[in-house]
Amino acid sequence: MFAARANFRLVALNRQLVLKHTPIFPSTSARLYATAPQTVHAARQSRWRSFLQTVGRLTLATVVLSAGAFVYVVQRDRNPGEQLAHDPSKKTIVVLGSGWAATSLLKKLDTEYYNVVVISPHNYFLFTPLLPSVSVGTLEARSVIQPTRYITRHKTRRVEVYEGEAKSVDVKNKTVTFEDNSDIKGAVSTTTIPYDYLIYAVGAENQTFGIKGIREHACFLKELPDAEKLRTRLMDCVETAAFKGQAPSEIDRLMHIIVVGGGPTGVEFAGELHDFLVDDLHSWYPELANHLHISLIEALPNVLPVFSKQLIQYTESTFKANKIDILTRTMVKEVREKTVLVQGENKELREIPYGLLVWAAGNTSRQITRDLMAQLPNVQNQRRGLLVDDHLRLLGADGVFALGDCTATLYAPTAQVASQQGKYIGRVLEQMAKKEQLEATLRSLRVSPDAKPEEIEAVVKQINKVANIKPFHYSHQGSLAYIGSEKAVADLPLFNGNLATGGVATFLFWRSAYISNLLSLRNRFLVLNDWMKVKLFGRDVSRE
């Protein structure tokens, strides 16, 4: 009995030992297999969270740095520093105009070497390529102008800026006479100042070819007031056409917009006008939708003559799709109050009714330019404008440089040409100033008993280097034009050939190119803001 009890205890003890050493959970390999999907999922979540955190930090850092740079540039522009005072020992440069040529010169010129005076009828620079956008309300007028003092206040030496109309230039006595052209005049409204160098960049005015009625009945598109007037006249036509009781024939006349001139200005205005009529007037004036009509008149065989043949065809096909009539080989003979008399290729005269006529057909010399040419009849005998040499010096006059549209050169009268000419003259004037300084240094060395021959030789070499002034060379950077429906055309130089492109992608390039060429961060911000507003809310159809 004792032995049986002992055996029972031994069996129970063994069972306890077996139970104690038998694992309750699965084996290690089984446990790893069971938990692997969870571990991998958690690892993936951790990596994704880490990636998002990194992206978030980079985005935050970019936003903070961009905002800081934006604020810095804005504050720097708004708070110009101290400037050097007028120095009687320095030579005086008088700049006539504030357009592309004059503004490019002012940006490039180092005023440490000169006293500079700017005289212009406007106290601002106008970004003319975007003027058609202003005329239909795509952009606001203030977005495409920049005060001239924005440039001059950031120069080394103080620049005198006078808003006035230059009336005459005396090349013999080297003086300029100008007068205050504002509505409010002070005790002195006309004055004359001397110059050592004159930068003549007064531009040109609209060419009417002596056609009767243009100045009385047509609208121009050259200056900022032209665009503002055009916008008002356009809405006048629309509201008059919507007036109660208007006959259908009269509505057709009022809603017929004629653009004369198939160059970039005329084509871009027609494109902008189409967008305005289709995108906005169709929504707010649906009763006038079927009466909208745009015609483009050009005396040459095709529009955009400076562009390649394929882009001309693309533009014409786009206009046809947009129901814009192109009347090529057609000349305007007379502009009347409600009709325009034109002559086609067959020499037949016909009368076309219109509500608004926009004249964008060429430039001619201003009166002050014609008076200047009259002072130099032996050498200034070109009716198109002033004749200059390879260094842009006015023929027959000492110390005068003529730039931009007022000159008669082999280059087209474009903003691109004028801008490059302004930069070139800025470099030339700087070279001339350095040469005079080096010559003064050389004279002092030659009379100094302590001067060494090698010092004199080094100065002579520097003089020979800066005295070598190369002639002006124009580098064509391409041609751009907006043609409506968010499409543009571009002729761009590429290596030894040419890249001709058109469409929506070119339109984006057109916008980016113009944004990059705007004068200041302020202009870029305002233009981008205007484009965004129009995209979201459309153009304003209010009549001011």
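Quantities reported herein were computed from a predicted structural model and do not represent experimental measurements. (Residues numbered from 1 in each chain as written. Predicted model: local features only at pLDDT ≥ 70, side-chain atom pairs only at ≥ 80, totals over all residues. Heavy atoms only, no water.)

### A word on the sheet that holds strand β16 (residues 339–343)
Here's step 1: The strand order across the open sheet built from three strands is β15-β16-β17, with neighbouring strands paired in antiparallel fashion. Two strands lie at the open edges of the sheet, namely β15 (331–335) and β17 (349–353), each paired on one side alone. Put simply, the sheet's adjacent strands are angled 30 degrees from each other on average, direction ignored.
Here's step 2: Pairing of β16 with β17 involves five bridges; the strand directions are antiparallel. What sits directly across from Leu 341, in β17, is Glu 351. (Pairing = 2+ DSSP bridges. Helix = DSSP H or I, 4+ residues; strand = E, 2+ residues; numbered from the N terminus. Axes fitted to C-alpha atoms, helices over the stretch in contact; angles between N-to-C directions.)

### Some thoughts on the pattern of salt bridges
Here's step 1: Tallied over the entire structure, the rule returns 16 salt bridges.
Here's step 2: Among the salt bridges present, the one from Arg 366 reaches Glu 223, with a minimum N-O distance of 3.6 Å. Residue Arg 366 is found in the loop between β19 (363–364) and α11 (367–375), and its partner Glu 223 is found in the loop between β11 (219–220) and α7 (224–241); the two are separated by 143 residues along the sequence.
Here's step 3: By relative accessible area, Arg 366 is classed as partly exposed at 22%.
Here's step 4: Through salt bridges with shared partners, one network takes in Glu 334, Arg 336 and Glu 351. (Salt bridge = Lys/Arg side-chain N within 4 Å of Asp/Glu carboxyl O. Buried < 20%, exposed > 50% of the residue type's maximum accessible area, 1.4 Å probe, protein only.)

### Overview of the packing of aromatic side chains
Here's step 1: Applying the stated criterion to the full structure yields 13 aromatic pairs.
Here's step 2: Through a chain of ring-to-ring contacts, the aromatic side chains of Trp 100, Phe 125, Phe 127, Tyr 482, Phe 507, Trp 510 and Tyr 514 assemble into a single cluster.
Here's step 3: Its guanidinium or amino end placed over the ring of Trp 531, Arg 511 lies 4.1 Å from that ring's centre, counting from NZ or CZ. (Phe/Tyr/Trp six-rings, centres within 6.5 Å; stacked < 30°, edge-to-face > 60°. Lys NZ or Arg CZ within 6 Å of the ring centre and 35° of its normal.)

### Some thoughts on the sheet that holds strand β5 (residues 159–163)
Here's step 1: Here we have five strands laid out as an open sheet, ordered β5-β2-β1-β9-β20, and parallel in their pairing. Whereas interior strands pair on both sides, the edge strands pair on one side only; in this sheet they are β5 and β20 (400–402). Averaged over all adjacent pairs, the angle separating strand axes in this sheet is 15 degrees, with direction ignored.
Here's step 2: The pairing of strand β1 (residues 91–96) with strand β9 (residues 197–200) spans four bridges and is classified as parallel. Note on β9: the bridge partner recorded for Val 95 is Ile 199.
Here's step 3: Contacts between helix α3 (residues 100–108) and the sheet are confined to β1, β2 (114–120) and β9, with β1 contributing the most and set at about 145 degrees to the helix. (Contact = heavy atoms within 4.5 Å.)

### Things to note about the nonpolar core
Here's step 1: Core analysis: the largest hydrophobic core is formed by 121 residues, its most contacted members being Leu 96, Tyr 114, Leu 130, Val 169, Tyr 200 and Leu 429.
Here's step 2: Residue contributions to this core reach at least three from each of two domains, namely domain 1 (92–202 + 367–405 + 412–431) and domain 2 (214–364 + 476–537). (Core = buried A, V, L, I, M, F, W, Y, C linked by side-chain atoms within 4.5 Å. Domains from an automatic or database assignment.)

### A short note on the pairing of strand β14 (residues 324–327)
Side-chain direction in a regular strand flips from residue to residue, so the side chains alternate between the two faces of the sheet.
Here's step 1: For strand β13 (residues 293–297) and β14, the ladder comprises four bridges, and the chain directions are parallel. Paired with Ser 295 across the two strands is Asp 325, which belongs to β14.
Here's step 2: The parallel pair β13 and β14, bridged by helix α10 (residues 309–321), forms a crossover whose chirality is right-handed. (Right-handed = clockwise from strand over helix to strand, strands pointing away.)

### Some points on the packing of helix α14 (residues 504–517) against helix α15 (residues 521–537)
Here's step 1: At a minimum axis separation of 9 Å, α14 and α15 run at an interaxial angle of 150 degrees. Classified by the angle their axes make, α14 and α15 are roughly antiparallel. Seen from above, α14 lies across α15 with right-handed handedness. Here Arg 511, Ile 515 and Ser 516 of α14 come into contact with α15, specifically with Arg 524, Val 527, Leu 528 and Trp 531.
Here's step 2: Counted by class, the contact of α14 with α15 contains four nonpolar, one polar and two charged residues. (Parallel < 35°, antiparallel > 145°, perpendicular 65-115°, else oblique. Left-handed = near helix turned anticlockwise from the far one by under 90°. Nonpolar A, V, L, I, M, F, W, Y, C, P; charged D, E, K, R; others polar.)

### A short note on α15
In an α-helix, one turn spans 3.6 residues, which is why side chains three or four residues apart end up on the same side.
Here's step 1: Compared with an ideal rise of 1.5 Å per residue, which puts 17 residues at 24 Å, α15 spans 24 Å between its outermost C-alpha atoms and is within 8% of the ideal.
Here's step 2: Buried residues along α15 sit against β4 (145–147) and α14.
Here's step 3: A positive backbone phi angle near 80 degrees is found at Gly 538, which sits one or two residues after α15. (Expected span 1.5 Å × (residues − 1).)

### Some remarks on the layout of surface pockets
Here's step 1: What the second largest pocket holds in volume is close to 310 Å³.
Here's step 2: Around the second largest pocket sit 18 residues that line it, and Glu 486, Arg 511, Val 534, Lys 535 and Arg 539 are the ones nearest its centre.
Here's step 3: Secondary structure elements with two or more residues in the lining of the second largest pocket: α9 (264–284), α14 and α15.
Here's step 4: Considered class by class, the residues forming the lining of the second largest pocket number six nonpolar, four polar and eight charged. (1 Å grid on protein atoms, 1.4 Å probe; cavity = no way out; pocket = protein on both sides within 12 Å on 5 of 7 lines; lining within 4 Å. Points joined across faces, edges and corners; volume = space filled by probe spheres on them.)

### Considerations on the side chain of Ser 419
Here's step 1: Within the secondary structure, Ser 419 is located in helix α12 (residues 415–447).
Here's step 2: If near-sequence neighbours (up to four positions away) are discounted, Ser 419 is found in contact with Trp 100 and Ser 104.

### Points about unusual backbone geometry
Here's step 1: At Lys 323, a residue that is not glycine, the phi angle is positive and equals roughly 60 degrees.
Here's step 2: Positionally, Lys 323 belongs in the loop between α10 and β14.
Here's step 3: For Lys 323, a relative accessible area of 69% puts it in the exposed group.
Here's step 4: In this model, Ser 485 sits at a positive phi of 55 degrees, which is unusual for a non-glycine residue.
Here's step 5: Inspection of the secondary structure puts Ser 485 in the loop between β21 (479–484) and β22 (487–494).

### Considerations on the domain arrangement of the chain
Here's step 1: Per the domain assignment, the segments making up the chain are domain 1 (92–202 + 367–405 + 412–431) and domain 2 (214–364 + 476–537).
Here's step 2: Inter-centroid distance (C-alpha atoms) of domain 1 to domain 2 is 29 Å.
Here's step 3: Across the boundary between the two partners, domain 1 contributes 32 residues, which contact 33 residues of domain 2.
Here's step 4: Between domain 1 and domain 2, the buried area comes to about 2,800 Å², and carbon and sulfur atoms account for 61% of it.
Here's step 5: Across the contact surface, domain 1 and domain 2 share one salt bridge. (Buried area = accessible area lost by both parts, 1.4 Å probe.)

### Section: the UniProt feature "domain: FAD/NAD(P)-binding" (unreviewed entry) in the chain
Here's step 1: Feature annotation in UniProt assigns "domain: FAD/NAD(P)-binding" (unreviewed entry) to the following positions: residues 92–422.
Here's step 2: Taken as a whole, residues 92–422 contains 30% helix and 26% strand, while its terminal C-alpha atoms sit 17 Å from one another. (UniProt positions renumbered as here; feature names shortened; annotations may be inferred.)

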